[in-house]
Amino acid sequence: MKKYFLPFIVLTFFIQCKTTPQHKQGLVTDKAMVVSANPLASQVGAAIMKQGGNAIDAMVATHFALAVVYPQAGNIGGGGFMVYRDSTGKSIALDFREKAPLSASRDMYLDSLGNVIAGKSSVGIFSVGVPGSVAGMVEAHKKYGKLPFKKLIEPAITLAKGYKLTQKDANLFNEFRVRFEDNNRFKTIYQSKLNWKKGDEIKNPNLVKILERIAEQGNAGFYEGETAQLLVDEMQAHEGIMTLEDLKQYKAIWRKPITFDYKDLHIISMSPPSSGGITLAEIMKMIANYPLETYDFQSLKQIQVLVEAERRAYADRAEYLGDPDFVKIPVEALLAQEYLKKRMQSFSFDKASSSTEIGAGLEKLPHESMETTHYSIVDASGNAISVTTTLNSYFGSKVMVKGAGFFLNNEMDDFSAKPGVPNLYGLVGNEANSIAPEKRMLSSMTPTIVEKNDKLFMVVGTPGGSTIITSVLQTILNVSTYEMSMQEAVDAPRFHHQWLPDIIKVEPQAFSDDLIKKLEEKGYKIDNTNAPVIGKVDAILVLPNGKLEAGADSRGDDTGAGF
Ligand code: GLY
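Reading the values: the criteria
Residues numbered from 1 in each chain as written. Predicted model: local features only at pLDDT ≥ 70, side-chain atom pairs only at ≥ 80, totals over all residues. Heavy atoms only, no water. Core = buried A, V, L, I, M, F, W, Y, C linked by side-chain atoms within 4.5 Å. Buried < 20%, exposed > 50% of the residue type's maximum accessible area, 1.4 Å probe, protein only. Helix = DSSP H or I, 4+ residues; strand = E, 2+ residues; numbered from the N terminus. Contact = heavy atoms within 4.5 Å. pLDDT = per-residue confidence, 0-100. Expected span 1.5 Å × (residues − 1). Pairing = 2+ DSSP bridges. Axes fitted to C-alpha atoms, helices over the stretch in contact; angles between N-to-C directions. Parallel < 35°, antiparallel > 145°, perpendicular 65-115°, else oblique. Left-handed = near helix turned anticlockwise from the far one by under 90°. Nonpolar A, V, L, I, M, F, W, Y, C, P; charged D, E, K, R; others polar. Near = heavy atom within 4 Å. Polar contact = N/O pair within 3.5 Å; in protein donor to acceptor, adjacent residues only side chain to side chain. Areas by Shrake-Rupley, 256 points an atom, 1.4 Å probe, with all protein chains shown as cover.

> Before we move on, could you go through the nonpolar core and cite the residues and values that matter?
Across soluble globular proteins, nonpolar side chains have a tendency to be buried as a group. Membership of the largest hydrophobic core comes to 95 residues, with the highest contact counts inside it found for M284, I287, L292, M458, I476 and F511. With ten residues, helix α11 (residues 300-320) is the single largest residue contributor to this core. Contacts of M458, omitting those with residues within four sequence positions, involve T448, I449, V450, T475, I476, V479, M486, I540 and L541. Formed by 84 residues, the second largest nonpolar core is a distinct cluster that contains A61, Y84, A156 and M235.

This is the structure in structure tokens:
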């Protein structure tokens, strides 16, 4: 093991935990595993595989369970992406990202003077995109599922009839009480108690009805009939713009994943409308030209190389990436070896580059809350799934559908409301990510699967908005370059740079005072006060003996379960 700061977070628990003198390992299982943000959801997914279900079945069951027990990000009112690699090595991606309603328009968040109206794209009914999660689960199951769809939703229905809160759940519901009050025309179930505590039971009878309808009718149980009407009633009560037609027209789309090599690894990640795969590929191909293995973990040189590659890749993200069904994305040009080599030529170890000078790099081509959740699954046959799903911020728009018990996303904020004006994550965008009817907003979600020697090696992903891509990057490097166990790799402190704002965001105790001083002397600006947590990575590593190791991020309630 190379020299690095030991994980700064004390690991609180695992369902099972094995420790060796050198490496702190997560749960190790023989054949199958789910790692998700909530222990109940992981157990649901593992139980489905124990009953003969495959990874897709476990995904559906885990997804709906998270929609109940992790309402801050698990969802039926949001969307996401799946990357799937089957046991023979074939891979495919599914896009169930939200999209703009039919009557959305480019300047819908601007006032008469052309200025962005604060908060309109990020909270309340106007921030809601057409949800994609239910269509995603139905579509994935139709193509690859083994057990009956209905059976996969049963555990979520049971949980919605009553489950016990963790301390973190209780704290979050208490913290968001006022925002629920401000954005709803009725008392949500989360306001039914003044002070939630660990172990309190929460029941969501309205969500039970919706889940039963989806279990019986599939897509029609959500996008048509009574559920769709409740959703549109909520829209109309707040003068929102989504219609029954918007819901009826929603479709999940199969996509070709982004694939690339990094040293001895082959990476399979999400393609547009997520920026995740392309941005990760740009960064990894830029850093591949440096002898990272000779730089210690989070040493000055390692941080500089990562930050400077991130700066350049995020500048390209802002300029070129958007929904591929609406804009032409120069994927090949962005990932060309020569281009990426040239892109790093302006970097010197002597001095930080400047984001104002960097800008987007391609010359001759046409321009065309932070809270999310991720789960990783491997089944007993070796099929692997990486899913990242979101409402965007915690509890999305904060608007719950009356009579339906679920929150609606605030994903419209992931569009660029006006070129150059930052969104919730401080990300800026351009025409490629401007709003248009039925367009999908650009995402940073990076569900990723890694192969080594043509075999499954790692399944990885995380929430964290714009920091998702760099958290996935660091987790892969922590294992492949710094020889950490999966659990150490997800627990290790993280840092992030995204071109603009031109700062290195760092978890509070990640960097020593001496390291910060050295970086500042080179001209880097450091912010280690603003991001108590960067990402909550949930990953699975295939060990040399074929067993599976969980990396369940100890920053949250994240847990591995399996057999
Ligand atoms: N809503 C966060 C993302 O998709 O990147």
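> Report on the confidence of the model for the protein chain, specifying residues and quantitative values.
In the predicted model, the protein chain carries a mean pLDDT of 94, and 95% of its residues have values of at least 70. The spread of mean pLDDT over the elements of the protein chain runs between helix α14 (residues 355-358), the lowest at 91, and strand β12 (residues 448-452), the highest at 99. The low-confidence segment residues 1-21 (pLDDT under 50) makes 47 contacts with residues lying over four places distant or belonging to another chain. For residues 364-368, every residue scores under 50 in pLDDT, and the model assigns this stretch nine contacts once sequence neighbours within four places are set aside.

> An account of helix α15 (residues 468-480) is requested, with residue identities and associated values reported.
Because each turn of an α-helix spans 3.6 residues, side chains separated by three or four positions in sequence point in the same direction. With 13 residues, α15 should reach 18 Å at 1.5 Å per residue; the first-to-last C-alpha distance of 18 Å fits that figure. For α15, the tally of buried residues reaches twelve of 13 residues, placing the bulk of the element in the interior. For α15, the full list of buried residues reads I468, I469, T470, S471, V472, L473, Q474, T475, I476, L477, N478 and V479.

> Residue-level account of the sheet that holds strand β4 (residues 91-96), with values.
As summarised here, the arrangement of the seven strands in space is β7-β4-β3-β11-β10-β2-β19, forming an open sheet in which the pairing is antiparallel. What marks the edges here is a single partner per strand, and that holds for β7 (253-255) and β19 (559-562). Strand-to-strand, the axes of this sheet are offset by a mean angle of 15°, without reference to chain direction. Of the strand pairs in this sheet, strand β2 (residues 33-36) and β19 are connected by four bridges, and their pairing is antiparallel.

> Just give me the short version of the environment of S87, but keep the residues and values in it.
Following the sequence through the fold, S87 ends up in the loop between β3 (79-85) and β4. Sequence-wise, S87 and T279 are 192 residues apart; in three dimensions their C-alpha atoms are separated by 27 Å. Residue contacts for S87: discarding those within four places in its chain leaves S381, G382 and N383.

> Can you break down the packing of helix α1 (residues 39-50) against helix α4 (residues 149-160) residue by residue, with the values?
At a minimum axis separation of 10 Å, α1 and α4 run at an interaxial angle of 150°. One way to sum up the angle between α1 and α4 is to call them roughly antiparallel. Judged by the twist between their axes, the crossing of α1 over α4 is right-handed. Residues L40, V44 and I48 of α1 touch α4, and the partners they reach there are K151, L152, P155 and L159. Of the residues that constitute the contact of α1 with α4, the class distribution is six nonpolar, no polar and one charged.

> With reference to specific residues and values, describe the site of the ligand.
The environment of the ligand is formed by R97, N392, E411, D414, Y425, S443, S444 and M445. Contacts to the ligand include N392, whose side-chain N or O atom sits 2.8 Å from a nitrogen atom. Protein chains bury 99% of the 200 Å² of accessible surface belonging to the ligand in isolation. When the residues that make up the shell around the ligand are grouped by side-chain class, the tally is two nonpolar, three polar and three charged.

> Outline the pairing of β12, listing residues and values.
For β12, a buried count of four out of five residues is recorded, marking the element as mostly surrounded by other parts of the structure. Summarising the sheet, strand β9 (residues 265-269) and β12 pair through five bridges and their orientation is antiparallel. Directly across from L265, in β12, lies its bridge partner K452. As paired strands, β12 and strand β13 (residues 455-460) are joined by five bridges and run antiparallel to one another. From the neighbouring strand, E451 faces β13, where its bridge partner is L456.

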